[in-house]
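Inside the fold
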Number of protein chains: 4
Amino acid sequence: MASKLEGIFTPTVVAYDDRGEINEAELRRFLSWLIGQGVHGLYPNGSTGEFTRLTLEERRRIVKITCEEARGRVPVLAGAAEANVKETLAACELYAGYGARAVAIVSPIYYRLSAESVLAYFTEIALHSPIDVTLYNIPMFASPIDVPTIRKLAEYPRVIGIKDSSGDLAFMMRMISAVRPVRPDFSFLTGWEAVLVPMLLIGCDGGTNASSNIIPELTRRLFEWTRAGRIQEAMALQYRILELFDAMLFPFEFPNGFRAAAEMRGFKLGRSRQPLSKTQEADSVALESVLKCILADFGMVEPPAEGCAPRTRNPREDKLSQVVFEVMRTLEERGIL
Amino acid sequence: MASKLEGIFTPTVVAYDDRGEINEAELRRFLSWLIGQGVHGLYPNGSTGEFTRLTLEERRRIVKITCEEARGRVPVLAGAAEANVKETLAACELYAGYGARAVAIVSPIYYRLSAESVLAYFTEIALHSPIDVTLYNIPMFASPIDVPTIRKLAEYPRVIGIKDSSGDLAFMMRMISAVRPVRPDFSFLTGWEAVLVPMLLIGCDGGTNASSNIIPELTRRLFEWTRAGRIQEAMALQYRILELFDAMLFPFEFPNGFRAAAEMRGFKLGRSRQPLSKTQEADSVALESVLKCILADFGMVEPPAEGCAPRTRNPREDKLSQVVFEVMRTLEERGIL
Amino acid sequence: MASKLEGIFTPTVVAYDDRGEINEAELRRFLSWLIGQGVHGLYPNGSTGEFTRLTLEERRRIVKITCEEARGRVPVLAGAAEANVKETLAACELYAGYGARAVAIVSPIYYRLSAESVLAYFTEIALHSPIDVTLYNIPMFASPIDVPTIRKLAEYPRVIGIKDSSGDLAFMMRMISAVRPVRPDFSFLTGWEAVLVPMLLIGCDGGTNASSNIIPELTRRLFEWTRAGRIQEAMALQYRILELFDAMLFPFEFPNGFRAAAEMRGFKLGRSRQPLSKTQEADSVALESVLKCILADFGMVEPPAEGCAPRTRNPREDKLSQVVFEVMRTLEERGIL
Amino acid sequence: MASKLEGIFTPTVVAYDDRGEINEAELRRFLSWLIGQGVHGLYPNGSTGEFTRLTLEERRRIVKITCEEARGRVPVLAGAAEANVKETLAACELYAGYGARAVAIVSPIYYRLSAESVLAYFTEIALHSPIDVTLYNIPMFASPIDVPTIRKLAEYPRVIGIKDSSGDLAFMMRMISAVRPVRPDFSFLTGWEAVLVPMLLIGCDGGTNASSNIIPELTRRLFEWTRAGRIQEAMALQYRILELFDAMLFPFEFPNGFRAAAEMRGFKLGRSRQPLSKTQEADSVALESVLKCILADFGMVEPPAEGCAPRTRNPREDKLSQVVFEVMRTLEERGIL
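Attention here is on the structure that accompanies the text. (Residues numbered from 1 in each chain as written. Chains lettered and ligands numbered in written order. Predicted model: local features only at pLDDT ≥ 70, side-chain atom pairs only at ≥ 80, totals over all residues. Heavy atoms only, no water.)

1. A closer look at the overall build of chain A
The secondary structure content of chain A amounts to twelve helices and eight strands. For 337 residues, the compact-globule estimate of 2.2 N^0.38 gives 20 Å, and chain A sits close to it at 19 Å. Along the longest, intermediate and shortest principal axes, the C-alpha atoms of chain A span 60 × 45 × 35 Å. Out of the 337 residues in chain A, the part that is buried amounts to 68%. Of the contacts made within chain A by residues no fewer than 6 positions apart, 72% connect residues no fewer than 24 positions apart. Carbon and sulfur atoms make up 52% of the accessible area of chain A, which totals about 11300 Å². The centroid of the 39 positive side-chain charges in chain A is displaced by 2 Å from the centroid of its 42 negative side-chain charges. (Helix = DSSP H or I, 4+ residues; strand = E, 2+ residues; numbered from the N terminus. Rg over C-alpha atoms; globule rule 2.2 N^0.38 Å. Buried < 20%, exposed > 50% of the residue type's maximum accessible area, 1.4 Å probe, protein only. Contact = heavy atoms within 4.5 Å. Areas by Shrake-Rupley, 256 points an atom, 1.4 Å probe, with all protein chains shown as cover. Lys, Arg positive; Asp, Glu negative; His and termini not counted. Charge placed at Lys NZ, Arg CZ, Asp CG, Glu CD.)

2. Some thoughts on the state of the cysteines
Residues and elements named next belong to chain B. As enumerated under the stated definition, the model contains four disulfides over all chains in all. Cysteine 293 shares a disulfide with cysteine 308; S-S distance 2.0 Å. Linking cysteine 293 and cysteine 308, the disulfide has an S-S dihedral of approximately -95° and is accordingly described as left-handed. Here cysteine 308 lies in the loop between α11 (278–297) and α12 (319–334) and cysteine 293 lies in helix α11, a separation of 15 residues in the sequence. Overall, cysteine 308 belongs to the partly exposed group, its relative accessible area being 35%. (Disulfide = S-S within 2.5 Å.)

3. Structural notes on the packing of aromatic side chains
Taken as a whole and judged by the stated rule, the model has 60 aromatic pairs over all chains. Between tyrosine 43 of chain C and tyrosine 136 of chain C the ring centres are 6.3 Å apart and the planes differ by 75°, which places this aromatic pair in the edge-to-face class. Residue tyrosine 43 of chain C is located in the loop between β2 (41–42) and α2 (56–70), and its partner tyrosine 136 of chain C is located in strand β5 (residues 133–137); the two are separated by 93 residues in the primary sequence. Comparing tyrosine 43 of chain C with tyrosine 136 of chain C shows no difference in burial state: the two are buried. Taking the centre distance of 5.3 Å and the plane angle of 50° together, the rings of phenylalanine 186 of chain C and phenylalanine 188 of chain C count as tilted. The burial state of phenylalanine 186 of chain C is the same as that of phenylalanine 188 of chain C; both residues are buried. What links up through ring pairs into an aromatic cluster is the set Phe51, Phe141, Trp192, Phe245, Phe254 and Phe258 of chain A together with Tyr110 and Tyr111 of chain B. Over the ring of tyrosine 111 of chain A we find arginine 53 of chain B, and its NZ or CZ is 4.2 Å from the ring centre. (Phe/Tyr/Trp six-rings, centres within 6.5 Å; stacked < 30°, edge-to-face > 60°. Lys NZ or Arg CZ within 6 Å of the ring centre and 35° of its normal.)

4. Brief notes about the sheet that holds β2 of chain C
All names here are of chain C. Taken together, the eight strands give an open sheet; going across it, the order is β2-β1-β8-β7-β6-β5-β4-β3, and neighbouring strands pair in parallel fashion. Each edge of the open sheet carries a strand with a single partner, namely β2 and β3 (77–79). Here two bridges tie strand β7 (residues 187–190) to strand β8 (residues 206–208), and the two strands are oriented parallel to one another. Bridging from a neighbouring strand, threonine 190 pairs with glycine 207 of β8. Contacts between helix α4 (residues 115–128) and the sheet are confined to β4 (102–106), β5 and β6 (159–164), with β4 contributing the most and set at about 165° to the helix. (Pairing = 2+ DSSP bridges. Axes fitted to C-alpha atoms, helices over the stretch in contact; angles between N-to-C directions.)

5. Topic: the packing of helix α3 (residues 85–98) of chain A against helix α4 (residues 115–128) of chain A
The geometry of a pair of packed helices is captured by two quantities: the angle between their axes and the separation between those axes. Residues and elements named next belong to chain A. Contact geometry of α3 with α4 gives a least axis separation of 10 Å together with a crossing angle of 35°. The two elements α3 and α4 meet at a crossing, and its hand is right-handed. Judged by residue contacts, Val85, Thr88 and Leu89 of α3 engage Tyr121, Glu124, Ile125 and His128 from α4. Broken down by class, the residue content of the contact of α3 with α4 amounts to four nonpolar, two polar and one charged. (Left-handed = near helix turned anticlockwise from the far one by under 90°. Nonpolar A, V, L, I, M, F, W, Y, C, P; charged D, E, K, R; others polar.)

6. Some details on the pairing of strand β5 (residues 133–137) of chain B
Residues and elements named next belong to chain B. Counting buried positions along β5 yields five of five residues, so the element is predominantly enclosed. Neither face of β5 is left uncovered, since the one carrying Val133, Leu135 and Asn137 and the one carrying Thr134 and Tyr136 both have all their residues buried. Pairing of strand β4 (residues 102–106) with β5, which is carried by four bridges, proceeds in the parallel orientation. In the strand pairing of β5, valine 106 is matched with tyrosine 136. Tracing the backbone out of β5, into helix α5 (residues 147–153) and back to the parallel element strand β6 (residues 159–164) gives a crossover that is right-handed. (Right-handed = clockwise from strand over helix to strand, strands pointing away.)

7. What to know about the interface of chain A and chain B
Each side of the interface is counted separately: chain A has 41 residues, and chain B has 41 residues. Interface area for chain A against chain B, summed over the two sides, is near 3400 Å², with a carbon-plus-sulfur share of 54%. Here chain A is connected to chain B by two salt bridges. Joining chain A to chain B, the criterion identifies 18 residue pairs in polar contact (both at pLDDT 80 or more). Within the residue set of the side of chain A that touches chain B, elements represented by two or more residues are α3, α4 and α11 (278–297) of chain A. Classifying every residue of the side of chain A that touches chain B by side-chain character gives 20 nonpolar, ten polar and eleven charged. (Buried area = accessible area lost by both parts, 1.4 Å probe. Salt bridge = Lys/Arg side-chain N within 4 Å of Asp/Glu carboxyl O. Polar contact = N/O pair within 3.5 Å; in protein donor to acceptor, adjacent residues only side chain to side chain.)

8. Examining the pairing of strand β1 (residues 7–10) of chain B
All names here are of chain B. When β1 meets strand β8 (residues 206–208), the two strands line up parallel, connected through three bridges. Considered in β8, the bridge of glycine 7 is made with glycine 206. Chirality of the crossover, the property in question, places the unit of β1, helix α1 (residues 24–37) and strand β2 (residues 41–42) among those that are right-handed.

9. Points about helix α8 (residues 216–227) of chain A
All names here are of chain A. If you check α8, its first and last C-alpha atoms are 17 Å apart, about what twelve residues at 1.5 Å a residue would give, namely 16 Å. Along α8, the positions that sit buried rather than exposed are Pro216, Glu217, Leu218, Thr219, Leu222, Phe223, Trp225 and Thr226. Of the surrounding elements, those touching the buried residues of α8 are β1 (7–10), α1 (24–36), α7 (196–201), β8 (206–208) and α9 (231–249). Looking one or two residues beyond α8, the residue adopting positive phi is glycine 229, at roughly 80°. (Expected span 1.5 Å × (residues − 1).)

10. Looking at the nonpolar core
Counting 500 residues, the largest nonpolar core has Ile105 of chain A, Ile105 of chain B, Ile105 of chain C together with Ile105 of chain D as its most contacted members. Residue contacts for isoleucine 105 of chain D: discarding those within four places in its chain leaves Ala80, Ala81, Thr88, Cys92, Tyr121, Phe122, Ile125, Val133, Thr134, Leu135 and Tyr136 of chain D. (Core = buried A, V, L, I, M, F, W, Y, C linked by side-chain atoms within 4.5 Å.)

11. Side note on the relation of the copies chain A and chain B
Structural alignment of chain A on chain B gives an RMSD of 0.0 Å, achieved by rotating through 180° and translating 0.0 Å along the axis. Accordingly, the operation relating the two chain copies is best matched by a two-fold axis. Residues of chain A ranked by C-alpha distance from the rotation axis are headed by tyrosine 110 of chain A, positioned 3.2 Å from it. Mapped onto chain B, 100% of the interface residues of chain A are again interface residues, and the two copies thus contact each other with one and the same surface. (Least-squares fit on C-alpha atoms with pLDDT ≥ 70 in both.)

12. Overview of the sheet that holds strand β7 (residues 187–190) of chain A
Residue and element names in this part refer to chain A. One open sheet holds the eight strands; their spatial order is β2-β1-β8-β7-β6-β5-β4-β3, and the pairing between them is parallel. Pairing within the sheet leaves two strands with one partner each, and these edge strands are β2 (41–42) and β3 (77–79). Relative to the sheet, α4 contacts β4 (102–106), β5 (133–137) and β6 (159–164), its axis offset from that of β4 by approximately 165°.

13. Some thoughts on the environment of threonine 48 of chain B
All names here are of chain B. Along the chain, threonine 48 turns up in the loop between β2 and α2 (56–70). When its relative accessible area of 4% is taken as the criterion, threonine 48 is described as buried. The contact partners of threonine 48, leaving out residues within four places of it in the chain, are Pro11, Thr12, Val13, Ala210, Asn213, Phe254 and Pro255.

14. As for the environment of aspartate 283 of chain C
All names here are of chain C. Relative to the helices and strands, aspartate 283 is located in helix α11 (residues 278–297). By relative accessible area, aspartate 283 is classed as partly exposed at 42%. Residues aspartate 283 and phenylalanine 252 lie 31 residues apart in sequence; the distance between their C-alpha atoms is 9.1 Å.

15. With respect to the side chain of threonine 134 of chain D
Among the secondary structure elements, threonine 134 of chain D is positioned in strand β5 (residues 133–137). Apart from residues no more than four positions distant in its own chain, threonine 134 of chain D is found in contact with Leu5, Leu77, Ala102, Val103, Ala104, Ile105, Ile160, Gly161, Ile162 and Lys163 of chain D.

16. Re the pattern of salt bridges
According to the stated counting rule, one finds 98 salt bridges over all chains in the structure shown. Glutamate 224 of chain A serves as the salt-bridge partner of arginine 220 of chain A, at 2.6 Å between the closest nitrogen and oxygen. Placement of the pair is arginine 220 of chain A and glutamate 224 of chain A together in helix α8, with a separation of four residues, close to one helical turn. Residue arginine 220 of chain A is classed as partly exposed on the basis of its relative accessible area, which comes to 26%. Overall, glutamate 224 of chain A belongs to the partly exposed group, its relative accessible area being 35%. In this structure, aspartate 132 of chain C engages arginine 101 of chain C in a salt bridge whose closest nitrogen and oxygen atoms are separated by 2.9 Å. Of this pair, aspartate 132 of chain C sits in the loop between α4 and β5 while arginine 101 of chain C sits in the loop between α3 (85–98) and β4, and the two are 31 residues apart along the sequence. We classify arginine 101 of chain C as buried; its relative accessible area is 18%. Through salt bridges that share partners, Glu24, Arg28, Arg61, Lys64, Glu68 and Glu69 of chain A make up one connected network.

These results come straight from atomic positions and should not be treated as a statement about function.
Here's what the structure looks like:
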C-alpha cells in the first residue's frame, strides 16, 4: 500500500511569460526551488494554480512538467477536475501515467449541487479512477462536501484523503471523528494556513497551503515544530504567518497577492490571466511594498528602498493594518470570513 | 445597426445519445421544433445547456449546429465564455463566423471576483470582441455584476444587453434606470420566468427562459399578451407557468427537471452528465409523473396512465404541492429563494 | 366579518423630543397629517417604527396614541410582538381594547428558528389572540416564514393576512397561489415599495411602505393608478419612487433616511436611538441634501439653497447616483440586495 | 485594578416552573451546583439564558438571583443588553449595584448595523458605563463586530474583553493580534466549545460555554489540562465533548438540547418559552435518549432503560450519528455551519 499523504503540499502558482503563455523554464526553476526548500509535495492545478483559467491542454502540460521536476523526490498531487466524469477520469488516467502520487478533485463547480449529487459524482470517480483520489472541499467556490458524504466516500479504497479549505476546525474534527476509526490511513489536509497549527493539533496530517509558494521553509517548520510538540514556538510563528497570509489574501484578487510575494523570492511569474483595472494596478504597488516589509521581517527579502512603516497594530498609526483591515471588514461583511 | 434583441430566447438543452455524446440529429430536430413553435431566438451554451459540463469542442459544435438550424430564421445568442479572456475572444471570433447574432458571456465563474475585476474582465472583451456581446448575470453561480458595472460597460457599443437571472425586479429596474437613458438600444432580458410578466411590465425586452424548451408556444404567448396589454390573461397564464416552473426547478438538480419535461414533448434528450444516485433516480419517476400532469392540464401531453391527483393547493390533500413545497422549504432555508 | 385589509398602511416613524423621549404632540400631528394625505391605514411598531429600540411601555403608548388619532377614520394595524407568546398575547388583548383593527406580529427574532418552530409559535398566537392577526415576514432580520407555514396558518380564522418585506415577487405569487383559493379574504401586503406596482399587478392587496411616511399622497396614487389599470403612468411613478426609496434606504442606517426625509415634510422627529459616529453625522448632511433634491423634483419641498446637481444617471457626472451606487454595491456584496 | 476574566463562565440556562414563570428555588439550586462543580464564573442573560424571551423585570431578577448565589465565590458576568443605550446603561448601573464583576453586551440585534454604527453604539456604552464591559459578538444572530471595531473599543478602559461565538479561530487570532499588544489585560473568551482547546492554545483566556451547564466539571478540566500543557489528553476530551455538543446543538432548537441535558444532571428546568410542535415534542424523546447515552459514557448519568446503541461512527449502523448528521447537513446547507 502506498504511504499516507502527510506534510505540506504546495498548491503551486503558474509562471506565465510576457505573452501570457506558460513559462516552462521559470516554472521548472520554481518547482525545483520549492523541493529544495523542503516542501513535502507539489499540488499543481489547485485554486492557487488558477486551474479554471487554463485550457485542458495547459492543465495537462503543467502536471507533466511538475511530475518531471519532482522526479520521485516528492509526491505530486495533481488537480484533475475536468468538465464531467468522463473527462475527469481521462485526466486521472493520464496523470497516473505521468507518475502522480494521487489526484485531487474539486467538488462540482458552477451549479451548487445537493449532497446527494456530490456523492453520486465522486462515487463514479471512486469506482473508476486508476489512481488514488483526494477530495477537495472549498465551499466558498464549489458545491460543499458534508460529513456524511465524506464518510460514505471513505468506504472506497481509491479515496485516500480530503483537502478542506473551509478553515473550520469543528468541521475538520467532525470529519476526522467520522472517518478515522474506519480508515486510519485516510489523509486530512487543510487548505487554510491561517490556522495550520491548530489544525495539526486536532489531528490533520498536513496542509496544502498557498503560502508555501512564498515561505516553503517556514511552512515546513510550522509543520515540524507542531509535530515535535514545540507548540509555543509553532504558535508564535503561526501568528506571524497569519499576518503575511492576510496581507496576501485580502487586499488582492486571489491568487495575485501570493503571486506577487512569490516573485519577491526571485521568480518571474508574469501577470495572472484575470485582467486588472488601472486602479487595481496602482493599488498593487502599495500593497506589494507592504508584502515586502513583512517578508523582510522574516529575513527573506531586502526591505523596500523607501523603508517600512512600523507595524504597531495601532490602527491610528499603522497604515499596513489599515489596508488589510479595510478589506477584511468588507469580506466579513460579505460573510466570506 | 443591427436590431435590438427582443422576445423569448430559448436557452436550449442538449440532446445526448446513449453513450453520453451529443445527439446531433435529435438536437437539430429539437431546435427546428422550437423555431416552429415561435421562439424569437436560440441561446445555446447557457446554464440550461450545461456549458460547464461540455468540452470546448462540444461547445463549439453546439453553436455551429444551432446557427445552421436557425439559418437566419431566428437570431442565435451564443454562450461564449471560456477559461480566460483570450479563449473567450477566440470563441467570439468563431461564433461570429458561424453567423451568431451576438454572444452571451457569463461573469467569471469559480472565484468570486470584486466588482472592479468583473468590470476589468468585461472591458477587455468589450474592446476586442468582433461580435456584439450580451452580459450574463447569475449571482447564484458566478461573480455578481452590479449596477455601476453594467452602467460603465454600457458605454461600449459592443455591449448590447444583459441577461439577468437573479429574478430581482428592483435590481432590473435599477439597471434600466441607469442604462436606458444613455443606451435606448440596450436589451434587458430576464432569465427568471417565474416573474416574466412583471419583468416585461417594468420594461424588460424579453427573456431567456428555460421553460421555453418545454412550452415555447406559451412562453411566447406570455410575451405577446403582455406586450398587447392583455395583463389579466397574461397574469393568469403566468401563475400557471410558475406552477410548472417550480415543479421543474426545485425537486430536481438543475436542469434535469426541464430536460425531463422537454422529453415529454417528444424528444429524446438522454441523461445529463451529472450522475444521479439510485434514490434520485427513483424520485425522478414520481416527480416526472407530476410534471406530466401539469403539462396535461396545458393540453400539451397525455396525462399519465395512473391518472393525476387533484392539485387543490390544500397541503393536506395535495401530494404534488407537498413535494414541491418540501424542496422549496429547503431552498428557502438555504437562502437560495 | 370585518373587511379585508387593503391599500397603503404606513409603518409610522416615531417622533422623539430633545431628550430622546416620545414626542407625543408631534407624533399626533404627524399621524393626523398622514391620514389627511390619504393613507388607508396606520401601522405603528413596525421596523420603521424601531419597535426593538422602544420599551414595552413605549410600544403600548404609541399604539394608544395611534388608535386615538385614527379615531376610526382609518384602521390601525398594531405591531404587537413582545418577548414571548404570553407577552405578545397580552399586547394583543390591550391593542384590541384600544380599537386596533388587527395586530401585526413579526416572526421570532434573534434566534433563527426552523419552519416547524415558526409554525408552532404563530399557532399559539392564532389560537388565543382576541384580535385579528397579520403575520410579518422579514427574512433579512427575523426567522423566515415559508409557503407551507403560511398555508397552514391560513387555516386559522384569526390569521387574516401577511406582510412580506422580502421584495421577492415569485415568493409572493407562491403564497397567493397557496392561500387565496382557500381564503379569498386573506390579505397580502408588501413591505417593499421598490416594486409596489408589480406586486399589486400579481394580486397583492396593498403595501406597508416606509416611503408613505414621506410621500403618502404619491404612494396612495401608485395604488390607485394600478388598481385603475393606468399601468404606464403607475410604472413611470414607480420608477421615480424607486429613486427616492434607494436614496433613503441604502446610504443611511435604516430607518434614518426615511426619518430625515419625513422631517423635510415639516415634522420634528428628533434623533433615532441608535447613536451615530461623527463621520456618519457629517455624511448625513450631504445625503439629506440629495434627498431634498429628489423631493423637490416631486414638488414636495423647496430645493436646497445651494441648488441641485442634475441627476443624469451618468456615473461620471452624477454625484447622487455615485453615493447611492456605492452603498448599493456594498449591500449587494453583502447579499442583502 | 480588577483581575482579568479567565476560565469557564457558564452562560446559565433559566429554570421555569409549570406555569412558565422563573423557578427561583430551582435556579438557585442549579447555580449553586455549578459553582460547586468548579466553574470559574456565571453568565446570566446570554443566548443560552434566552434573554430575548424574558421581560426586562425577569432579566433583572435573574441577575440579582445570580449575584446573590455567587456571593463573591465566583465572578458574575451579567448580560445587560436592553432596547437602547439608555436602557442598557440603566441595567449596567443596576447590575453594578448587585455586585456583578462586569456586564456582557451583545451587539445590536434585529437591524443589521454597519461596523461604523456598531462602534458608535458601544462607544456610548464604553463612555458611560459604571461597570466593566465585555463585548459579545455573535454574528449568526446580531450585527457583527469586526477587528477594527474591537481594536478601537479596546482603547476605552471600561471595555475589558470580548466573548466571541463565531467559532472562527483565525478571527480570534486577528483580534488577539490587534488588541493584546496594547491591552494585555483584555480578555478573549470563546463561546464555541466545539473548539475550546484550540482556542485556548491560540491564546484565549477562557470560554463562555453552554455545555458547562451540563458538564461543568469536564469543561473546567478541558481548561486546566490545556493550561497545564496536557494537550493530548485535552484533545481526546475535546473530541468527546464535541460529540455531546453536536448532539445538544443541531437536532434541537437552541437552547433546548442543552436544557434537556442539564435536566439529566438532576434539575427541573421546565419548558422553554418557544412553543414546540407535536412532531418536535415526539422527536425530543428520541433525541434525549441519545443525549443520555452520551452522558452515560461520561459516567454522568445512568444509561436509559432501553439501552444504548453502539456509536460506531459507521453511518450504516449508527442511529445516533444519523440523526445528528441529518441535521448538520441541513445546517451546513443553510450556511450556518
